[in-house]
Each structure stands twice: as structure tokens, then as C-alpha cells.
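The primary structure of each chain is shown beneath.
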Amino acid sequence: MDDSQLLQIAERFGTPCYVYDAECIRRNSAAYRDALGQRGRAFYAVKANSNLSVLRLIAGAGLGFDIVSGGELARVLAAGGAPEDIVFSGVGKHPDELAQALDAGIACFNIESAAELKLLIMLTTDRLGSRAPVALRINPDIDAHTHPHITTGRAEDKFGIPAAEALDLCRQAAASPGIELIGLSCHLGSQIDQTAPLTRALEKMLELRATLRAEGVAIGHIDMGGGLAVPDGTSAPTLAIPDYIGALLDLIGEGDDAPELWLEPGRSITADAGALLTRVLLLKHNWARNFAVVDAAMNDLMRPALYSAVHAVRRLTQGEGDARIWQIAGPVCESTDMLAHDIELPLAPGDILALERTGAYGFSMSSNYNARARPCEALVDGGDCRLVRPRETQEELFASELEHLL
Ligand SMILES: *Cc1c(COP(=O)(O)O)cnc(C)c1O
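Quick look at the structure, then. (Residues numbered from 1 in each chain as written. Predicted model: local features only at pLDDT ≥ 70, side-chain atom pairs only at ≥ 80, totals over all residues. Heavy atoms only, no water.)

### So, the site of the ligand
In the neighbourhood of the ligand, 14 residues make up the surrounding shell, with Lys47, Ser190, Glu264, Arg267 and Tyr361 lying closest. Between the ligand and Ser190 there is a distance of 2.2 Å, counted from an oxygen atom to a side-chain nitrogen or oxygen. Backbone polar atom of Gly227 to an oxygen atom of the ligand: 2.8 Å apart, as the coordinates give it. Against a free-state accessible area of 390 Å², the protein chains account for coverage of 93% of the ligand. (Near = heavy atom within 4 Å. Polar contact = N/O pair within 3.5 Å; in protein donor to acceptor, adjacent residues only side chain to side chain. Areas by Shrake-Rupley, 256 points an atom, 1.4 Å probe, with all protein chains shown as cover.)

### What to know about the pattern of salt bridges
All told, the structure shown has 19 salt bridges when counted by the stated rule. A salt bridge links Glu23 to Arg26; the nearest nitrogen and oxygen atoms lie 2.7 Å apart. Of this pair, Glu23 and Arg26 both sit in helix α2 (residues 22–36), 3 residues apart, which is roughly one turn of that helix. A relative accessible area of 39% means that Glu23 is categorised as partly exposed. Here Asp381 and Arg26 are joined by a salt bridge, their closest N and O atoms 2.7 Å apart. Note that Asp381 is positioned in strand β17 (residues 376–381) and Arg26 in helix α2, a separation of 355 residues in sequence. Residue Arg26 is classed as partly exposed on the basis of its relative accessible area, which comes to 29%. One continuous salt-bridge network, built from bridges that share partners, spans Asp3, Arg314 and Glu356. (Salt bridge = Lys/Arg side-chain N within 4 Å of Asp/Glu carboxyl O. Helix = DSSP H or I, 4+ residues; strand = E, 2+ residues; numbered from the N terminus. Buried < 20%, exposed > 50% of the residue type's maximum accessible area, 1.4 Å probe, protein only.)

### Concerning the packing of aromatic side chains
Two measures describe an aromatic ring pair: the distance that separates the ring centres and the angle between the ring planes. Per the stated rule, a full pass over the model turns up 6 aromatic pairs. Ring centres of Tyr32 and Tyr244 lie 6.4 Å apart, and the angle between their planes is 80°; on these two criteria the pair is classed as edge-to-face. Here Tyr32 is found in helix α2, whereas its partner Tyr244 is found in helix α9 (residues 241–252), with 212 residues between them in sequence. Judged on exposure class, the residue Tyr32 and its partner Tyr244 are both buried. Between Phe88 and Phe109, the aromatic rings sit 6.4 Å apart at their centres with planes inclined by 35°, giving tilted as the arrangement. With Phe88 in strand β4 (residues 86–88) and Phe109 in strand β5 (residues 108–111), this residue pair connects regions lying 21 residues apart in the sequence. An aromatic cluster is defined as three or more aromatic residues linked by ring pairs; in this entry it consists of Tyr18, Tyr20 and Phe363. The positively charged end of Lys93 is found above the aromatic ring belonging to Phe88, 5.5 Å away from the centroid. (Phe/Tyr/Trp six-rings, centres within 6.5 Å; stacked < 30°, edge-to-face > 60°. Lys NZ or Arg CZ within 6 Å of the ring centre and 35° of its normal.)

### Considering helix α4 (residues 70–78)
Of all the positions in α4, only Gly70, Glu72, Leu73 and Val76 are classed as buried. Along the axis of α4, the buried positions cluster into a sector of 155°, meaning they face one direction only. Looking at the buried positions of α4, the neighbouring elements they touch are α3 (52–60), β3 (64–67), β4 and α5 (95–104). Two or three places before Gly71, at the start of α4, stands the capping residue Ser69, its side-chain oxygen 3.3 Å from that residue's backbone nitrogen. Directly after α4, the chain includes Gly80, whose backbone phi takes a positive value near 100°. (Arc of directions from axis to C-beta. Contact = heavy atoms within 4.5 Å.)

### Some points on the side chain of Asp351
Within the fold, Asp351 resides in the loop between β15 (338–347) and β16 (352–356). Here the side chain of Asp351 touches Arg315 through a polar contact of 2.8 Å, side chain to side chain. Within the local environment of Asp351, its side chain forms a polar contact with the backbone nitrogen of Ala348, the two atoms lying 2.8 Å apart. Other than its neighbours up to four places away in sequence, Asp351 contacts Thr278, Arg279, Val280, Arg315, Thr317 and Pro346.

### What to know about a nonpolar patch on the surface
On the surface, Phe398, Leu402 and Leu405 cluster together into a nonpolar patch covering about 310 Å² of accessible area. As for its position among the elements, Leu402 is in helix α12 (residues 394–403). (Patch = residues over 30% accessible without salt bridge, like charges linked within 9 Å, V, L, I, M, F, W, Y side chains within 5 Å.)

### Overview of the nonpolar core
Residues Phe109, Met224 and Ile328 are the most contacted members of the largest nonpolar core, which totals 97 residues. Sorting elements by how many residues they give to this core places helix α8 (residues 196–214) first, with 7 residues. Look past the residues within four positions of Phe109 in its chain and what remains in contact with it is Phe88, Leu98, Ala101, Leu102, Leu120, Ala132, Pro133, Val134 and Ala135. Counting residues in hydrophobic clusters, the runner-up holds 15 residues, among them Phe13, Ala275, Leu316 and Ala354. (Core = buried A, V, L, I, M, F, W, Y, C linked by side-chain atoms within 4.5 Å.)

### Focus: α9
Three or four residues apart is the spacing at which side chains of an α-helix point the same way, because the helix has 3.6 residues per turn. If you check α9, its first and last C-alpha atoms are 17 Å apart, about what 12 residues at 1.5 Å a residue would give, namely 16 Å. Burial in α9 covers these residues: Ile241, Tyr244, Ile245, Leu248, Leu249 and Ile252. Buried residues of α9 fall within an arc of 125° about the axis and therefore sit on the same side. Turned more than 90 degrees off the buried face of α9, the exposed positions are Asp243 and Asp250. Those residues of α9 that are buried are in contact with α2, α8, β10 (260–263) and α10 (267–270). One or two positions beyond α9, positive phi appears at Gly253, with a value near 80°. (Expected span 1.5 Å × (residues − 1).)

Set out below in C-alpha cells:
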């Protein structure tokens, strides 16, 4: 997406506006498909970007979906995704959500605790004859050395089943009439830029699989979750999709007995396909600091405030500007509402800026804080551009409250 195309979109749909590049999403999806070939499957982690048109595009590119809620299940089905291409992750699935997914007939439940397994067994017992395909999510106690808020596979994290308890729970699952134990899963966290933690975790999973096999329990797939890093700034990824998948497939081997490799990529499918367009409202100078106040805020893009994420800022507008080092601030009444720091650019009021690589965990984490209507979303496909979610209106934000007004 070049600058003039993005500028036209900002003019046509207004700002703030998320823009996604369909070609880039297709390319990332194809990289997973090509590298896995017949040896595995990729399930896009819907929480990264759950816009229906984005989901439809990804289904068309041949990926399945990894969901973490009933709401995401409904979205995938509404977008035309098939239930048999869906896996369900998450540490606290509500009984209603488990029932919803059982009714839909999804491919696999990634079960994260003994209590959850028990609940699923109860639900299948209530539905005579129904069997739930299950993978147990193991916590391998491996630190993926990413940001503490996005690492999930250490002993102190809430996710997964401790490796020491996994064998017993696998035996129990395999012996339960309503359960079909088909896989083992794990997910170490996000922004992983080296293969070592992943291969160490995979070794543990393969060991567990071998032990189960010796007891007559066959495990068809190993799901290594998602988490491949996409740098927020301008630097290139340190680990490319084919190398990452190659390292895992090498370890799995190719024999008749080899399990399928399942993956759950989120960020690496949509992050670099998206930009958040925002307009400079005004420039101000507080003592030594220069602030460019823009019309996007932390409610639209939460990552800088939540994880200190650094997104590159591109000035799309041409022309004269005040060349300084700018702090890019949103209008929300919080000191943490800063979108970027120390940006060296010539800026003028009315300029249009693009916050880059914001296609994952951007809109999907947005909120209505400060009673702000959330941005619109647009999809570019070659020369075509269409609105795929209109900007929210102020009225629709409180329409249901009016119906229940005191
Ligand atoms: C969030 C999540 C993913 C996707 O992680 P990315 O870093 O976006 O690739 C995959 N699997 C599970 C279980 C998750 O919670």
C-alpha cells in the first residue's frame, strides 16, 4: 500500500482508520501452507484480528481458525469458516461456550486443566453418544524470553497443564468414553524470535507422545501454538516462516508414524498487513517536549500503552512541516495514551500519519473508553479498496442503554 493510496483512503473514509492489505494476508497465509505442505495444518488465531472480511480472506487462503471464545466461534462461522477447521483454545472456557462448540462440531478442544476435562466429559455424557476431539495443552515450563505480559509457557503462568501431571491426565482422557484424545498442544507466548525454546518444548511433547504410544494411546498431531515474532518497528523479522516451520518439522521427522504439526499463527498473518491512519489535530510544546496530538488514541491501538510496543510512524502528507522530535499523543485522558515516542519528522496540523504493522492486536483490542466510537476498517486488494467495517456512531454506542434508561 503506497502513500498516495493510503492518503486517498484517509480522505474517503476519514480518520482514524485501520487499513489491511489483502495481498499481504494471502502471502503470509500461503507461507504457512507451503512450508507445512501435507505434514501439518495452520489455524489462524482469530483474536489477532477478527474482522469478518479478514477471516473470510484467510479461510479462502486455506487456513483453519484457532478461537478462544464463543464470540469468536460465531464470527468464524458468520465469515464462512467451516467448523471442522476450528480449534478451541483458552484457559477458562464457559460451559455454554463448550456446548456451543460441541454443537458446531469443531475439530479439536485444546483442554488446559483437569477441571476443564471433567466439565467436557460431563457435557458429552449429557449428550448421549457425542464424542469431543481433544488435545491437552501442556505447560512445558519453558521461558520464550519475550515480554513478560505475552509469555505463557512458564511454570508460574496460568496456561496449560503442568508437564508432570500431563501423562496422568492424558491416560484419563484416553479412557473417557466421551473424549477422543487426538493431540497434544502448547503455546509458549508471543513475539518469539528464536527456535530454541520451541524445539525444546517440541522435544518434551514428542517424549510424552512416545510414552503414551508405548501404552497404546496414539496421538495424531502436535499443536505448537503460535507466537512467531513480527517486529513492531521497521526492522526485518529475525525468524522467517519457512525456517521456523522447517526447524519444527526436522525434529518431528517424516516417518509413517510422525505426528502432524499443527500451528496457530495470529500476528504473523495480519500484523504487517495493517496500518492505522490518523490525523494530526494540533501541535503543542510543553517545556522541552513537543507533542503532536492525533485523532487516534489508546482505545484504538492499545499496544503501546499495554506492552510498550513501538510502531513505526510514517508521514503520508507532503509539504512543509515543523521538523522536531515529536511525542505522538492521543486525546484520551490518561498519561499512558501515547502512541509513539521520539519521532523525528517534519509535522504540520492536518497531516496524515500511518502507524505501521498494526494489523494484529490493533482493532481487536480496541475499546470505547472516553465514549469514543471505534475506527472504521478498510481492505485494500490491489487497486481496489472497500470499507469492511464502518466507523461506529456515537448513538449506537448507547442505544441499548437508552432502552433500559432509569
Ligand atoms: C494468542 C494465541 C495464539 C497466537 O499468537 P500470535 O503471537 O498472535 O501468533 C496462538 N495460540 C494461542 C493459544 C493463543 O492464545
